[in-house]
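Read off the chains here:
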Amino acid sequence: MSLLKDHVVLVTGGGSGLGLGLARHCLAEGAEVVIFEISADKVRALREEFGPDVLIVQGDVTSLADLRACREAITERYGRLDALIGAQGIFDGNVPILEMPEERLDALFEEVMRVNVKGYLLSARVFGELLRASQGALVLTTSTAAYAADGGGAVYSASKGAIRSLVGQLAFEFAPLVRVNAVAPAGIANSQLSGPRSLGLDAQKQSDIPQDAFLSMFRSLSLLQELPTPEDHGPLYAFLASRHNRIMTGQTVVADQGLLNRAVLNRG
Ligand SMILES: NC(=O)c1ccc[n+]([C@@H]2O[C@H](COP(=O)([O-])OP(=O)(O)OC[C@H]3O[C@@H](n4cnc5c(N)ncnc54)[C@H](O)[C@@H]3O)[C@@H](O)[C@H]2O)c1
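Figured I'd write up the structure that's included with this text. (Residues numbered from 1 in each chain as written. Predicted model: local features only at pLDDT ≥ 70, side-chain atom pairs only at ≥ 80, totals over all residues. Heavy atoms only, no water.)

**Notes on the sheet that holds strand β7 (residues 252–255)**
Item 1. The sheet built from seven strands is open, its strands ordered β3-β2-β1-β4-β5-β6-β7 with parallel pairing. Either end of the sheet is taken by a strand with one partner, and the two such strands are β3 (55–58) and β7. Adjacent strand axes in the sheet meet at a mean angle of 15 degrees when their direction is disregarded.
Item 2. Alignment of strand β1 (residues 8–12) against strand β2 (residues 32–37), held across five bridges, turns out to be parallel. Bridged to T12 within β2 is F36.
Item 3. Packing of helix α1 (residues 17–28) onto the sheet brings it into contact with β1, β2, β4 (83–86) and β5 (137–141), and relative to β2 it is tilted by some 165 degrees.
Item 4. Of the strands in this sheet, β4, β5, β6 (179–185) and β7 touch helix α7 (residues 234–241), which is tilted by about 145 degrees from β5. (Pairing = 2+ DSSP bridges. Helix = DSSP H or I, 4+ residues; strand = E, 2+ residues; numbered from the N terminus. Axes fitted to C-alpha atoms, helices over the stretch in contact; angles between N-to-C directions. Contact = heavy atoms within 4.5 Å.)

In structure tokens:
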């Protein structure tokens, strides 16, 4: 496979779940891969899995200094960047607004919006010129929560809606040299998506939900009846990240196994 031959691809939030699967897929498609990840434990595991073939940078996507250090490391090693795939995110715990202590809402908003929105905004700013120089691509990750209720709580859903809007504006501002798109997945197998510290839920991970229960819920709701793995999302992201995409910018692709294409659950 060589869709991404001669491409240098940065995956932010590539330490687990979707981002890790995408990094593996991009590597298999011939890319030079860079992974940016906040968790020290995950960075260790990444170094064990990939060795020196993949540039792994530890950092926080909400920190300008960390992103600049990543840009320096990429410039030093490759001198270019062809695609940035944003895959970081945190969940809001799906706590209904009225069940949340009033005084926690401010901190929850700051925490979730910081990672889920500001992280993408800052990385677009820091890597934008490199992408322009290579006539590259930016691919962000939103969610079906940007389209329909109950994919998360109010703050997560608002953050994912903001990414949809961000994609439109960035596509406009980065045109004609850089293509900017997003993917909106529904459920993802093997995700470690974690809850917010501001509600004391940061130890909670999506992977805590028993796999069987998650799978059967997803099967009962989605038309394709499978819970996709991170790697299943690889070909779509790889296409959007590649120079082969000459036709799409400013779009969010709903990659939801047909979940949203169902109004009433009246079929067995
Ligand atoms: N899990 C799902 O079912 C699902 C569904 C729709 C959309 N999504 C979205 O997919 C994306 C990936 O989520 P996932 O399910 O793979 O979760 P995940 O937690 O397995 O992966 C996210 C990665 O981002 C890292 N990260 C978090 N904050 C960071 C920061 N400040 N700086 C750098 N890295 C940071 C995490 O450590 C983790 O490695 C998220 O944007 C999520 O909202 C997930």
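Having seen the model, we can carry on.
**A look at the nonpolar core**
Item 1. The biggest cluster of nonpolar side chains holds 31 residues, and the ones touching the most others in it are L10, F127, L138 and L140.
Item 2. Secondary-structure elements contributing two or more residues to this core are β1, β2, β3, α3 (64–77), α4 (105–134), β5, α5 (154–174) and β6.
Item 3. Among the elements that take part in this core, α4 stands out by supplying seven residues, more than any other.
Item 4. When near neighbours in sequence (up to four residues on either side) are disregarded, L10 contacts V34, F36, C70, I74, L81, A83, L84, I85 and F127.
Item 5. Membership of the second largest hydrophobic core comes to 27 residues, among which are L22, I35, V54 and V139. (Core = buried A, V, L, I, M, F, W, Y, C linked by side-chain atoms within 4.5 Å. Buried < 20%, exposed > 50% of the residue type's maximum accessible area, 1.4 Å probe, protein only.)

**Some details on the site of the ligand**
Item 1. Around the ligand, the surrounding shell holds 29 residues, and the nearest of these are L18, E37, Y156, A186 and S191.
Item 2. Between A186 and the ligand, the recorded distance is 3.3 Å, taken from a backbone N or O atom to an oxygen atom.
Item 3. Q192 has a polar backbone atom sitting 2.9 Å from an oxygen atom of the ligand.
Item 4. Coverage of the ligand by the protein amounts to 95% of the 830 Å² it exposes when considered alone.
Item 5. Elements that contribute at least two residues to the shell around the ligand include exactly α1, α4 and α5. (Near = heavy atom within 4 Å. Polar contact = N/O pair within 3.5 Å; in protein donor to acceptor, adjacent residues only side chain to side chain. Areas by Shrake-Rupley, 256 points an atom, 1.4 Å probe, with all protein chains shown as cover.)

**What about the pattern of salt bridges?**
Item 1. Tallying each qualifying case throughout the model produces nine salt bridges.
Item 2. With a shortest N-O distance of 3.1 Å, R243 and D82 are connected by a salt bridge. One end of the pair, R243, is in the loop between α7 and β7; the other, D82, is in the loop between α3 and β4, and 161 residues separate them in sequence.
Item 3. Classification of R243 by relative accessible area gives partly exposed; the value is 31%.
Item 4. Here E129 ties to R125 by a salt bridge, and the two come within 3.5 Å at their closest N and O atoms. Note that E129 and R125 are positioned in helix α4 at a spacing of four residues, about one turn of the helix.
Item 5. Among the residues examined, R125 registers a relative accessible area of 53% and is labelled exposed. (Salt bridge = Lys/Arg side-chain N within 4 Å of Asp/Glu carboxyl O.)

**Quick notes on α4**
Item 1. If you check α4, its first and last C-alpha atoms are 41 Å apart, about what 30 residues at 1.5 Å a residue would give, namely 44 Å.
Item 2. Along its length, α4 reaches its greatest deviation from straightness, about 50 degrees, at F127.
Item 3. Immediately downstream of α4, the backbone of Q135 shows phi near 50 degrees, a positive value. (Expected span 1.5 Å × (residues − 1). Bend = angle between axes of the 7 residues up to and from the residue.)

**Focus: a nonpolar patch on the surface**
Item 1. Together, I97, L98 and L105 make up an exposed nonpolar region whose accessible area comes to about 310 Å².
Item 2. For I97, a relative accessible area of 40% corresponds to the partly exposed category. (Patch = residues over 30% accessible without salt bridge, like charges linked within 9 Å, V, L, I, M, F, W, Y side chains within 5 Å.)

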